[in-house]
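Topology and contacts: notes
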Amino acid sequence: MKSKLICAALTLLLSGGSAAAYKTTESESLNVWFEPVTLVADGTTVSRLVVCENDTIDYSAFNMAFFVPKGIHIVKVKKGRDWVEDIEMSARASSTHSIACNMLSDGTTIKVIADSSMLDDLYPDDEDGNKLDELYSIGLIADPDMVNGTYTVQMLDVKFVLSNADACVPAEQPIYGTFTITGGQTTGIDEVGNDRSSDDGDYYDLLGRKVHGVPAAGIYLHNGEKVIVK
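Residues numbered from 1 in each chain as written. Predicted model: local features only at pLDDT ≥ 70, side-chain atom pairs only at ≥ 80, totals over all residues. Heavy atoms only, no water.

**A word on the overall build of the chain**
For clarity, the cut-off: Secondary structure elements are taken from DSSP: a helix is a run of H or I of four residues or more, a strand is a run of E of two residues or more, and numbering for both begins at the N terminus. Under the scheme applied here, a residue whose accessible area is under 20% of the maximum for its type counts as buried, over 50% as exposed, and between as partly exposed, the area being computed with a 1.4 Å probe on protein chains only. Contacts between residues were defined by any pair of non-hydrogen atoms, one from each residue, lying within 4.5 Å. Note on areas: these come from Shrake-Rupley sampling with a 1.4 Å probe, and a residue is covered only by the protein chains present in the view.
In terms of regular secondary structure, the chain is built from one helix and 20 strands. In the chain, buried positions account for 42% of the 230 residues. For the chain, the share of sequence-separated contacts (at least 6 apart) that also reach a separation of at least 24 residues comes to 71%. Carbon and sulfur atoms provide 51% of the accessible area of the chain, an area that totals close to 12000 Å².

Here you go:
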């Protein structure tokens with residue numbers, strides 16, 4: 001039900017009932033990223049995924065999605081009478097901003113949406129006037145059966161919306177970052193050094209997606225085997 005509500009809210013937010021009236025621009029100045037995350041694979045230790053953004057202009061709303069390894073979950077926290085996903089806006093949010101996230105049924109896709117009921121812009125700083133890039137954070141845990149290593153994580157479908165409903169997207173997507181799993185399972189995995197010139201086969205992440213270009217450090221599928229790229 002929550003995923004349907006988020007999708008419905010996003011449709012209203014970005015279309016306003018007449019999508020042709022608004023424009024989406026690819027922006028070179030819109031910088032969006034997320035900090036590296038280290039998770040302990042014990043099913044209880046909470047680590048926070050911190051998402052950051054800066055630009056020369058201010059936005060009032062945004063949405064994005066993450067593709068994470070299986071075994072990662074959003075923490076549930078008590079809010080009033082309900083248990084909800086642990087997501088918090090930074091001090092950049094106005095009092096009218098709200099944010100929500102959910103994990104889709106595939107177990108690998110996290111959707112995030114934030115907006116303001118009064119179309120207030122996000123602040124570029126904290127309460128003391130200090131410039132602030134952090135936008136929000138999500139509490140995550142990792143299953144005990146996850147394999148130790150560094151995983152490449154993608155952020156996709158990133159869109160930041162102006163108060164007039166026009167929108168900007170980063171010039172390059174997906175946006176990549178890393179999740180490092182510790183305290184989990186170890187396996188017999190071949191190690192691959194920095195010299196990859198003799199490798200002609202393609203690399204795939206642990207979700208089966210082909211990696212374009214030189215793979216970042218992490219665990220991949222290569223020539224039918226799991227390998228660690230350092």
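**Some remarks on the environment of T187**
Structurally, T187 can be placed in the loop between β15 (175-182) and β16 (190-192). According to the relative accessible area criterion, T187 is partly exposed, its value standing at 43%. T187 sits 39 residues away from K226 along the chain, and the two C-alpha atoms are 9.4 Å apart.

**Remarks on the pattern of salt bridges**
For clarity, the cut-off: Criterion for a salt bridge: a side-chain nitrogen of Lys or Arg within 4 Å of a carboxyl oxygen of Asp or Glu.
Tallied over the full model, the rule gives five salt bridges. When the shortest N-O distance is used, the salt bridge between D157 and K111 registers 3.8 Å. Placement of the pair is D157 in strand β13 (residues 149-161) and K111 in strand β11 (residues 109-116), with a sequence separation of 46 residues. A relative accessible area of 45% means that D157 is categorised as partly exposed. A salt bridge links K131 to D133; the shortest N-O distance between them is 2.7 Å. According to the relative accessible area criterion, K131 is exposed, its value standing at 62%. The exposure class assigned to D133 is partly exposed, which follows from its relative accessible area of 24%.

**Some details on the nonpolar core**
What tends to happen in soluble globular proteins is that the nonpolar side chains get buried as a cluster. Just so we agree on the cut-off: We define a nonpolar core as any set of buried Ala, Val, Leu, Ile, Met, Phe, Trp, Tyr and Cys residues linked to one another through side-chain atoms lying within 4.5 Å.
Of all hydrophobic cores here, the largest spans 41 residues; its most connected members are F62, M64, F66, V112, Y136, I138 and F179. Those residues in contact with V112, other than ones at most four positions away along the chain, are F62, N63, M64, F66, I87, I99, A100, C101, Y136 and I138.

**Considerations on the pairing of strand β10 (residues 97-103)**
The test is simple: When DSSP finds two or more bridges between two strands, those strands count as paired.
Relative to β11, β10 runs antiparallel, the two sharing seven bridges. Its bridge partner lying in β11, N102 is registered against K111. Connecting the antiparallel pair β10 and β11 is a turn made up of five residues, with G107 showing a positive phi of about 75°.

**Considerations on the environment of M118**
Turning to its location among the elements, M118 is positioned in the loop between β11 and β12 (134-142). Through-space distance from the C-alpha of M118 to that of S94 is 9.6 Å; in sequence the pair is 24 residues apart.

**Some points on the packing of aromatic side chains**
Inclusion rule: Aromatic rings from Phe, Tyr and Trp, with only the six-membered ring used for Trp, were paired whenever their centres fell within 6.5 Å, and each pair was classed as stacked if the ring planes differed by under 30 degrees, edge-to-face if by over 60, and tilted otherwise.
In this structure the tally under the stated criterion is four aromatic pairs. Ring geometry for F62 versus Y136: centroids 5.6 Å apart, planes at 10°, classification stacked. With F62 in strand β5 (residues 61-67) and Y136 in strand β12, this pair connects stretches of sequence that are 74 residues apart. Y136 shares its class with F62; the two are buried.

**A look at the environment of L140**
You can see L140 is positioned in strand β12. Given a relative accessible area of 0%, L140 falls into the buried group. Sequence-wise, L140 and L39 are 101 residues apart; in three dimensions their C-alpha atoms are separated by 7.8 Å. With sequence-adjacent residues up to four places away left out, L140 is seen in contact with L39, T45, V46, S47, L49, I72, H73, I74, V75, I110 and F179.

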